[in-house]
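Chain and residue survey
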Amino acid sequence: MIHGKTILRSVATAAILLPLVGCFKSVVTYTRFDIAVYRQLTPDGDFLRARNLDTYAYYVDTTEWFIASYDDAAAGRITNKATGETRETPDVWGAFNSSSEYQCSLVLTEPLSMIVAVDPDAERYAYRSYELPVNLPEVFTKLYIAAWRPTHTSSGWVVVNRFYVPETPDAPDTPDGGGGDR
């Protein structure tokens, strides 16, 4: 026969242990960072899926490191702002799949990353800082590269266009020699 004290102890033990049930689950310490990249060539043009991209990440802080040129971005090279030291081997290279909705994918495992996407066809690149969350195994993000604009931001990305040349308005016609009919 079960006594009242036994039942009470069982209920009390369950009440104490129940909150601990979730504490023993495994913790995900990486994020698969998926990027859909779209490119717009003209101000009124459609955003089309980029077809040729390189992506990589360094486990560095963007306040301490930068990309000095498009050539450096294309080569996977970053430069330290304080010392001038360069790094030429990214910590992570991304995978590219042109048929996937999110064409680029990188697996990040460190607390802080500098993620870089290079569009060689448009000769533009974009970068961003990313802090690794705990227990978020996959992130989906979009990057819009407006190839006709100067350097700009887009959804947390800095899109760099070192080749931007602003349009100059046409010069008005000037009279030749000044006399004309009076």
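We now turn to the structure provided with this report. This is a predicted model, so every value here is computed, not measured.

**Structural notes on the overall build of the protein**
Along the protein, the regular secondary structure elements total two helices and 14 strands. Taking all 182 residues of the protein together, 33% fall into the buried category. Taking as baseline every contact in the protein between residues at least 6 positions apart, the subset at least 24 positions apart corresponds to 62%. Accessible surface, the protein as shown: approximately 11,600 Å² in total, 55% of it carbon and sulfur.

**What about the packing of aromatic side chains?**
Enumeration over the complete set of coordinates arrives at seven aromatic pairs. Ring geometry for Phe33 and Tyr130: centres 4.8 Å apart, planes at 65°, overall edge-to-face. One end of the pair, Phe33, is in strand E1 (residues 31–40); the other, Tyr130, is in strand E11 (residues 124–131), and 97 residues separate them in sequence. The class of Phe33 is buried, set by a relative accessible area of 1%. Ring pairing ties together the aromatic residues Phe33, Tyr130 and Trp157, which thus form one cluster. Over the aromatic face of Trp157 sits the side chain of Arg128, whose NZ or CZ is 5.5 Å from the ring centroid.

**Describing the side chain of Thr31**
With respect to the helices and strands, the residue Thr31 is situated in strand E1. The buried category is assigned to Thr31, whose relative accessible area is 0%. Within polar-contact distance, the side chain of Thr31 engages the backbone oxygen of Leu136 at 2.8 Å.

**Brief notes about the pairing of strand E14 (residues 157–160)**
Here E11 pairs with E14 via three bridges, running antiparallel. Paired with Ala126 across the strands is Val159, a residue of E14. As paired elements, strand E13 (residues 152–154) and E14 share three bridges and run antiparallel to each other. Bridge pairing in E14 links His152 to Val159. Here E13 hands over to E14 after two residues, with Ser155 in that stretch at a positive phi of 50°.

**Comments concerning the sheet that holds strand E3 (residues 54–58)**
Picture the strands of a sheet paired through backbone hydrogen bonds; they go either parallel or antiparallel. If you trace the six strands from one edge of the open sheet to the other, you get E7-E3-E10-E11-E14-E13, paired in antiparallel fashion. The open sheet has two edge strands with one neighbour each: strand E7 (92–93) and E13.

**What about the pattern of salt bridges?**
Evaluated as defined, the whole model comprises six salt bridges. Here Arg32 makes a salt bridge to Glu138, at a shortest N to O gap of 3.3 Å. Of the two residues, Arg32 is situated in strand E1 and Glu138 in strand E12 (residues 138–146); the sequence distance between them amounts to 106 residues. The partner of Asp91 in a salt bridge is Arg87, with the nearest N and O atoms 3.2 Å apart. Note on Asp91: relative accessible area 35%, which makes it partly exposed. By sharing partners, the salt bridges in this structure join Arg32, Asp34 and Glu138 into a single network.

Calculation notes
Residues numbered from 1 in each chain as written. Predicted model: local features only at pLDDT ≥ 70, side-chain atom pairs only at ≥ 80, totals over all residues. Heavy atoms only, no water. Helix = DSSP H or I, 4+ residues; strand = E, 2+ residues; numbered from the N terminus. Buried < 20%, exposed > 50% of the residue type's maximum accessible area, 1.4 Å probe, protein only. Contact = heavy atoms within 4.5 Å. Areas by Shrake-Rupley, 256 points an atom, 1.4 Å probe, with all protein chains shown as cover. Phe/Tyr/Trp six-rings, centres within 6.5 Å; stacked < 30°, edge-to-face > 60°. Lys NZ or Arg CZ within 6 Å of the ring centre and 35° of its normal. Polar contact = N/O pair within 3.5 Å; in protein donor to acceptor, adjacent residues only side chain to side chain. Pairing = 2+ DSSP bridges. Salt bridge = Lys/Arg side-chain N within 4 Å of Asp/Glu carboxyl O.

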